[in-house]
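Here's the letter readout for the chains.
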Amino acid sequence: MAQDAQAPVMTGDDKPFESMMRRFDIAADILELDPGIYEYLKTPEKQVIISIPIAMDDGSIQVFKGYRVIHSTVRGPSKGGIRVTNIVNLNEVTALAAWMTWKCAVVNIPFGGAKGGIKCDPSRLTETQYEKIIRRYTANLSEIFGPDKDVPAPDVNTGEREMGWLMDTYSMHVRRTETAVVTGKPVIMGGSLGRREATGRGVMIVTLAAMRKLNLDPKQSTVVVQGFGNVGSAAAGLLQAQGCKIIGISDVTGAYYNKKGIDISDAMAFAAKNKRTLAGYTHAEKITNAELLELECDVLIPAALEDQIKPHNAKNINAKIICEGANGPTSALADPILQEKGIMVIPDILANAGGVTVSYFEWVQDRMGFFWTEKEVNERLERIMLESFEAVYNTAMVHKQPLRIGAYVLGIDRVAQVLKLRGIYA
Ligand code: GLU
């Protein structure tokens, strides 16, 4: 199953929404946001909770819970993935929806933010049951979704296959084939070339941009990547192609270290033959996840779980750059510790925005009915990621803040400006 990251574990000091709000509050102070605008932007526009009753293979009925939170449509239709995990909850989905709003604004694409969730463990379901769940979730939200309203995409435990089912179900309901209702579809049914590795490619592009700022030579640099899903494995492979030495990787089965470097295509081929896991990988030494995060390296890429870098381990991080491939891998309480240590953190809402950027390209191509080459997709992605990196960097410099706050200030200001121009209807 293709996936944008691995399932999160909630062990943090803050819940995700509180973690998002701590950064939002700092940015709001810097921007001197009007209290009414502050209240407007912090409140999700819509939070929908649905039941998903499914007839299981043995004839019994099970009822799952589904969520779709639309945080903002101020800048355009809301955009964001659907995650399927057994711990997903409203607080998490609401935080992730708000992060999508700021992320789309940081890369300046005409979307607001949303997120969806289905509470279940997909590894315990047969393919038929999983398909029923995705289809019933889509059917129940068919009035919410729409190419001009709310456009879902892959996230944890969802990929091309699930987006294909979603597109078909929605199309059956509206009685026409509507490819632009969802992104991250298989290329053959209206997906975009380059979408699958877009998040990892974006991570690679901004990592190289940060290295240039710090005068680090990729060919002399070491990289550690946590998570070997769609984001982590692509980022690792692409950075290796740029000459970086990948000394550590990990997945749910543990972490793997080799100071001479790990051949990422070899590790990918191993995982492909091994139920998509690195269990038993012998070309590296097995270490713990905690040890992986504290390895001495130039770049650390958390591309797996939320809330991985927290006050207790932030002080031991031994990297010059942290590039957040996952959403929310650093708890807000760890931010000042990393800042104190002088680590450059490329925040999630910039670092992993390559995925939604190519989702935007997919939506544009579907609406035009005219498709681009992979080279065109990658060049346009690179331009947007580099411009966004510079915009975040400059905003941070102007306000003498870390890049994370620079990104929040830039994103929130863009949404607030449009909101002021649109005004409040009624
Ligand atoms: N789930 C991805 C994210 O968190 C992609 C969202 C999209 O493409 O709409 O950015």
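Every chain begins its residue count from 1, and numbering advances along the sequence as written. The predicted origin of the model limits local features to residues at a pLDDT of at least 70 and limits the giving and counting of side-chain atom pairs to 80 or more, whereas totals for whole chains, interfaces and linings rest on all residues. In computing side-chain values, all of the structure's heavy atoms are included and hydrogens and water are not.

## Remarks on the overall build of the protein
- Helix numbering and strand numbering both begin at the N terminus, where a helix is a DSSP run of H or I of at least 4 residues and a strand a DSSP run of E of at least 2. Scanning the protein for helices and strands turns up 15 helices and 12 strands.
- Values of the radius of gyration come from C-alpha atoms, whereas the globule rule sets the reference at 2.2 Å times the count of residues to the power 0.38. For the protein, whose C-alpha radius of gyration is 20 Å, the value lies close to the compact-globule estimate of 22 Å for 426 residues.
- If one aligns the C-alpha atoms of the protein with their principal axes, the spans along those axes are about 55 × 55 × 45 Å.
- When accessible area is computed with a 1.4 Å probe and restricted to protein chains, residues below 20% of their type maximum are described as buried, those above 50% as exposed, and intermediate ones as partly exposed. Here the protein holds 426 residues, and 60% of them are scored as buried.
- Contact between two residues is taken to exist if any of their heavy atoms lie within 4.5 Å; hydrogens are not considered. Expressed as a percentage of contacts within the protein between residues at least 6 apart in sequence, the contacts between residues at least 24 apart total 71%.

## Here's the deal with the side chain of T207
- Within the secondary structure, T207 is located in helix α6 (residues 198–213).
- Filtering out sequence-adjacent residues up to four positions away, T207 remains in contact with L239, V299, I301, I321, C323 and I346.

## Looking at helix α4 (residues 127–140)
- End to end, α4 covers 20 Å across 14 residues, agreeing with the expected 20 Å (1.5 Å per residue, within 8%).
- Elements in contact with the buried residues of α4: β1 (46–55), β2 (61–72), β3 (78–85), β4 (112–119) and α5 (160–174). Expected helix span is taken as 1.5 Å per residue step, with the number of steps being one fewer than the number of residues.

## Some points on the confidence of the model for the protein
- Within the protein, residue pLDDT values average 95, and 97% of them lie at 70 or more.
- Overall, residues 1–12 carries pLDDT values under 50, and its contacts beyond four positions in sequence, including any with other chains, amount to 54 contacts. Think of pLDDT as the predictor's per-residue confidence, scored from 0 to 100.

## Considering helix α3 (residues 90–106)
- The end-to-end C-alpha separation of α3 is 24 Å, in line with the 24 Å expected for 17 residues at 1.5 Å each.
- Of all the 17 residues making up α3, 15 are buried; the element is thus mostly covered by neighbouring parts of the structure.
- At the N-terminal boundary of α3, the capping side chain belongs to N89, with an oxygen 3.1 Å from the backbone nitrogen of N91.
- Backbone geometry just after α3 places N108 at a positive phi near 60 degrees. Each polar contact in these results corresponds to two N or O atoms within 3.5 Å; when the atoms are within protein, one needs to be able to donate a hydrogen and the other to accept it, and residues that are neighboring in sequence are counted only if both atoms are side-chain atoms.

## Points about the sheet that holds strand β9 (residues 285–287)
- A pair of strands is considered paired only if DSSP assigns at least 2 bridges between the two. Overall, mixed pairing links the 7 strands, which are arranged β9-β8-β7-β6-β10-β11-β12 in an open sheet. At either end of the open sheet lies a strand with only one pairing partner, and these are β9 and β12 (344–346). On average, each strand axis in the sheet is inclined to that of its neighbour by 20 degrees, with strand direction left out of account.
- Relative to strand β11 (residues 321–323), strand β10 (residues 299–302) is paired through 2 bridges, and the arrangement is parallel. In this analysis, axes come from line fits to C-alpha atoms, helices being fitted only over the stretch in contact, and the angle between any two N-to-C directions falls in the range 0 to 180 degrees.

## Looking at the nonpolar core
- The set of buried Ala, Val, Leu, Ile, Met, Phe, Trp, Tyr and Cys residues whose side-chain atoms join them within 4.5 Å is what this entry labels a nonpolar core. Core analysis: the biggest nonpolar cluster contains 88 residues, and F24, L41 and W102 have the highest contact counts within it.
- In this view, L41 contacts F24, L33, H71, W102, I412, V415, A416 and L419; residues no more than four positions away in its chain are not counted.

## Description of the site of the ligand
- Any residue with at least one heavy atom within 4 Å of a molecule or strand is counted as near it. Taken together, the neighbourhood of the ligand is formed by 15 residues, with K79, K103, P154, D155 and S359 sitting nearest.
- At 2.7 Å, a side-chain N or O of K103 approaches an oxygen atom of the ligand.
- Contacts to the ligand include P154, whose backbone N or O atom sits 2.9 Å from a nitrogen atom.
- Using a 1.4 Å probe, accessible areas were evaluated by the Shrake-Rupley method; residue-level cover was limited to the displayed protein chains. A total of 290 Å² of accessible area belongs to the ligand in isolation, and the protein chains cover 97% of it.

## As for the packing of α6 against helix α13 (residues 354–368)
- Contact geometry of α6 with α13 gives a least axis separation of 7 Å together with a crossing angle of 125 degrees. Accordingly, the angle class assigned to the pair α6 and α13 is oblique. Remark: the crossing between α6 and α13 carries right-handed chirality. In this structure, α6 uses A198, T199 and G202 to contact α13, whose residues at the interface are G354, G355 and V358.
- For this scheme, ten residues count as nonpolar: Ala, Val, Leu, Ile, Met, Phe, Trp, Tyr, Cys and Pro. Four count as charged, namely Asp, Glu, Lys and Arg, and the remainder, Gly too, count as polar. Here the residues of the contact of α6 with α13 are counted per class, giving 2 nonpolar, 4 polar and no charged. Each angle receives one of four descriptions, namely roughly parallel if under 35 degrees, roughly antiparallel if over 145, roughly perpendicular if within 65 to 115, and oblique otherwise. Take the far helix as your reference; a near helix turned counterclockwise from it by less than a right angle gives a left-handed crossing, and one turned clockwise gives a right-handed crossing.

## Section: the packing of aromatic side chains
- The criterion for an aromatic pair is that two Phe, Tyr or Trp rings (for Trp, the six-membered ring) have centres within 6.5 Å, with stacked assigned to planes under 30 degrees apart, edge-to-face to planes over 60 apart and tilted to the rest. One pass over the full model with this rule turns up 12 aromatic pairs.
- Taking the centre distance of 6.3 Å and the plane angle of 90 degrees together, the rings of Y130 and W165 count as edge-to-face. Note that Y130 is positioned in helix α4 and W165 in helix α5, a separation of 35 residues in sequence. W165 carries the same exposure label as Y130, and that label is buried.
- Consider the rings of F270 and Y281, whose centres lie 5.2 Å apart with planes at 65 degrees: the pair is edge-to-face. Pair noted here: F270 is in helix α8 (residues 264–273) and Y281 is in the loop between α8 and β9, with a separation of 11 residues, a long-range link.
- Overall, the relative accessible area of 6% leaves Y281 in the buried class.

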